[in-house]
Structure formats: structure tokens, C-alpha cells
Amino acid sequence: MKVAVLPGDGIGPEITAVAVEVLKTVAPDLELGFAPVGGAAYEAYGHPLPAATLALAQSSDAVLFGAVGDWKYDALERALRPEQAILGLRRALGLFANLRPAILYPELAEASSLKTEIVAGLDLLIIRELTGDIYFGTPRGRRASPDGAFAGASEAFDTMRYTEPEIERIAHIAFRAAKARSQRVTSVDKANVLETSQLWRDVVNRVHQQYPDIKLDHMYVDNAAMQLVRAPKSFDVIVTGNLFGDILSDEAAMLTGSIGMLPSASLNERGQGLYEPSHGSAPDIAGQGIANPLATILSAALLLRYSLKRETQAARIEHAVQRVLADGRRTADIVGTKGVSVGTEAMGEAVLQALSQR
Ligand code: IPM
Ligand code: MG
């Protein structure tokens, strides 16, 4: 089985290097291929997603992705910015199902900005549709405004659109995920205002008829944003569109106080997937050896579980991470009041050590 490793920018190379060591230890038979992506690829090849990088990803069973982006590319035209690499991979591989767990590790409860009793035990899963919506909808662009109060003025527009099959397939993913959890799905939309959201709601309701044991409710996105900070534990599986999912998943991740701990998976219909930490490239701390590699290590675990169907190896990594946390090892982002502060490499070493102890 073949895994493409795309380290990217900022802290990406540091954290993927550590995760690759973990992956090699747990699954030494994997064939690993490396390629630049994002700003690093732009520097080397003039494009954030060069053809060779895309071909490597397409020919692999799974992609381990670090992070992309740096302020220094803000002035580039949109098509050349690092973010286009991740959007291009999502589109080219058809990675429509984005799973973003937000789990609060008991040892890290104090790292949350919310009161401990509100977040203790938090374990929710955001399922974000990833290849449709306003992110990819056409037409989009700039023009002279054809009508309205400011006709003739320069305007920009994007198009929010969803087809029924796109909503159906992500709804199935959510209901199936809920079966293995607490049998509850909250679908988040803005059906009081948007046509796409009304279709979303209608289709989710229809798909729900095939899952009579699952409890489904609907919530408007503004209310969902509020409930996430008021009573986050009232949610279990949240399913939502691309744009709302982008925003709510950052909010949910931050509730745990340890976005540096959270992995994510993006899957296509064949089970091929891209695995990346939920956090970004953090250029402000790049190269300092202090970034938390655990989200990337846990992403490697999800890679083994979902794309390679190697549950035992995935669980081994997760147990090793739990042991390291229980031992009190902490990178700077989660150090809080207790624990021993360690850097990126030392955290990686600690995980490798925990793996070697049976
Ligand atoms: C994410 C990121 C991306 C997104 C950016 C980098 C294009 O914010 O994965 O959530 O908006 O989807
Ligand atoms: Mg985002």
C-alpha cells in the first residue's frame, strides 16, 4: 500500500517528519512517496499543486498532509496561493466527506477557554461536505454590477450551490457515523434564508427515512454557533455544508483548547483519503521546534483506520498518544498548569517510546 506524504509549509515539515517516523514504526511495509505542496511547491515549481504532486496523490491509497500557507504568499494571484493546493486535491480526488472530530482529552480539560464542566467529556464529530457549496460553485468572479442601487460599480460574486446527490451522499455518511456513536445527527443549515439550505434540509429528511433508529434534528447555523459554546455536549454528529462546516469546525476544535491535538480525514467514494491536522501552518512558530505533532500523528492513525483498514495499527498509535499525555508530556500549546513542556521532536520520541512498550 502506498502513502503520499505532502509536508507543505510553516510547521508542516516538522510535524509530518515526526508523524512519518511513527507511521514507519507501526506500519514498516508501507511504501511512502514524498512531494512538495503549497508555498513550498510554488517556490520549487511555480505552482502550489504541481502535476507530479497531484499524480503521486492520485496513485496512492492515502495522503498524509501537513499544512499549507504563509503570509508571504498573500499578494499572489488566487490561483497560485498555497490554499489552492488543498482545494485542488479535494476537487481532483473527489474528497467530499470531511470528518473533523473534536475530542476533549480529560488531561487537557484546563486548556479549554470554557468552564471545565461545560466541556469535560466532549466528543463530537463534525461531518463537513467538502467539494460543493460556495467554495466550488460557479459562476464566480468580478464584473461591473449589472443592476441594483450601485449599478455600474465594481462587484464580486460567488455561487452557493448543491445538487441532490451531493447532499444525499454526505447525509448517508453522517447517519452511518451516528450508528456507531450515540444515534444522533444534527444537520446544520440556513433554511430560513437560503434555497440551497432548503434543498439540503429536504434531502437530509428524505435520506433519514432509511435510518429510522437515528434521531435527526435541524438547526440554523447561527444558533448552532451559539449552542456550540453554550452546551457543546448536546451535540454528537453534526452534518453541514462546506462553508458552515469550515467555520463551525474551527469553533468546535477551539472548544477543546487543543486544536494541536485534532486530526481530520477527507474521504472519497473509494475510501481513498487525505489526512491532515485540523490546525494550520502556523508560520509564526515554524522552524522553532515547538509545534505540537500530535494532530498529525493522530491523522496518521485515521489514515491507517479509514483508508488502509488497519484498525490494530491505528489503535496502537492512539494508545501511545494517550500514554504520553497521561505521562504528563505537553507541547507549549497544551502545557497549562501541569505537565512537562517538550518540543516537537521530543514529543515524537515520547510517542515512539510509548509504542515500543507493549
Ligand atoms: C480548512 C481550511 C481551508 C478551507 C482553507 C485553507 C482553504 O480553512 O481546511 O478548514 O477553507 O477549507
Ligand atoms: Mg478552515
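Conventions we followed
Residues numbered from 1 in each chain as written. Chains lettered and ligands numbered in written order. Predicted model: local features only at pLDDT ≥ 70, side-chain atom pairs only at ≥ 80, totals over all residues. Heavy atoms only, no water. Pairing = 2+ DSSP bridges. Helix = DSSP H or I, 4+ residues; strand = E, 2+ residues; numbered from the N terminus. Axes fitted to C-alpha atoms, helices over the stretch in contact; angles between N-to-C directions. Near = heavy atom within 4 Å. Polar contact = N/O pair within 3.5 Å; in protein donor to acceptor, adjacent residues only side chain to side chain. Areas by Shrake-Rupley, 256 points an atom, 1.4 Å probe, with all protein chains shown as cover. 1 Å grid on protein atoms, 1.4 Å probe; cavity = no way out; pocket = protein on both sides within 12 Å on 5 of 7 lines; lining within 4 Å. Sits in = over half its atoms within 2 Å of the grid points. Salt bridge = Lys/Arg side-chain N within 4 Å of Asp/Glu carboxyl O. Buried < 20%, exposed > 50% of the residue type's maximum accessible area, 1.4 Å probe, protein only. Parallel < 35°, antiparallel > 145°, perpendicular 65-115°, else oblique. Left-handed = near helix turned anticlockwise from the far one by under 90°. Contact = heavy atoms within 4.5 Å. Nonpolar A, V, L, I, M, F, W, Y, C, P; charged D, E, K, R; others polar.

Caption draft 1: Structural detail: the sheet that holds strand β8 (residues 184-189). Within the open sheet, the 10 strands sit side by side as β2-β1-β3-β12-β11-β4-β5-β10-β8-β9. Their pairing is mixed. The strands lining the two open edges of the sheet, one partner per strand, are β2 (31-34) and β9 (215-220). Ignoring strand direction, the axes of neighbouring strands in this sheet form an average angle of 20°.

Caption draft 2: Looking closely at the site of ligand 1. Around ligand 1 sit Glu83, Arg90, Arg100, Arg128, Tyr135 and Asp246, and those are all the residues in its vicinity. Residue Tyr135 places a side-chain N or O atom 2.5 Å away from an oxygen atom belonging to ligand 1. Between Asp246 and ligand 1, the recorded distance is 2.9 Å, taken from a side-chain N or O atom to an oxygen atom. For ligand 1, whose unbound accessible area comes to 320 Å², protein coverage reaches 71%. Given that more than half its atoms are within 2 Å of the pocket grid, ligand 1 belongs to the largest pocket.

Caption draft 3: Layout of the pattern of salt bridges. Taken as a whole, this structure holds 16 salt bridges when the rule is applied. Taking the shortest distance from any N to any O, the salt bridge between Arg201 and Asp189 comes out at 2.9 Å. Taken together, the positions of Arg201 in helix α7 (residues 195-208) and Asp189 in strand β8 put the pair 12 residues apart, joining distant regions of the chain. We classify Arg201 as buried; its relative accessible area is 17%. Among the ionic contacts, a cluster of salt bridges with common partners joins Asp123, Arg181 and Asp236.

Caption draft 4: Examining the packing of helix α6 (residues 164-179) against α7 more closely. In the contact formed by α6 and α7, the axes pass within 9 Å of each other and the chain directions differ by 50°. As summarised for this structure, α6 and α7 are arranged oblique, according to the angle between their axes. As α6 packs across α7, the resulting crossing turns out to be right-handed. Packed against α6, whose contacting residues are Glu164, Ile167, Glu168, Ile170, Ala171, His172 and Phe175, the element α7 presents Leu199, Trp200, Val203, Val204, Arg206, Val207 and His208 at the interface. Residues that form the contact of α6 with α7 fall into these classes: 9 nonpolar, 2 polar and 3 charged.

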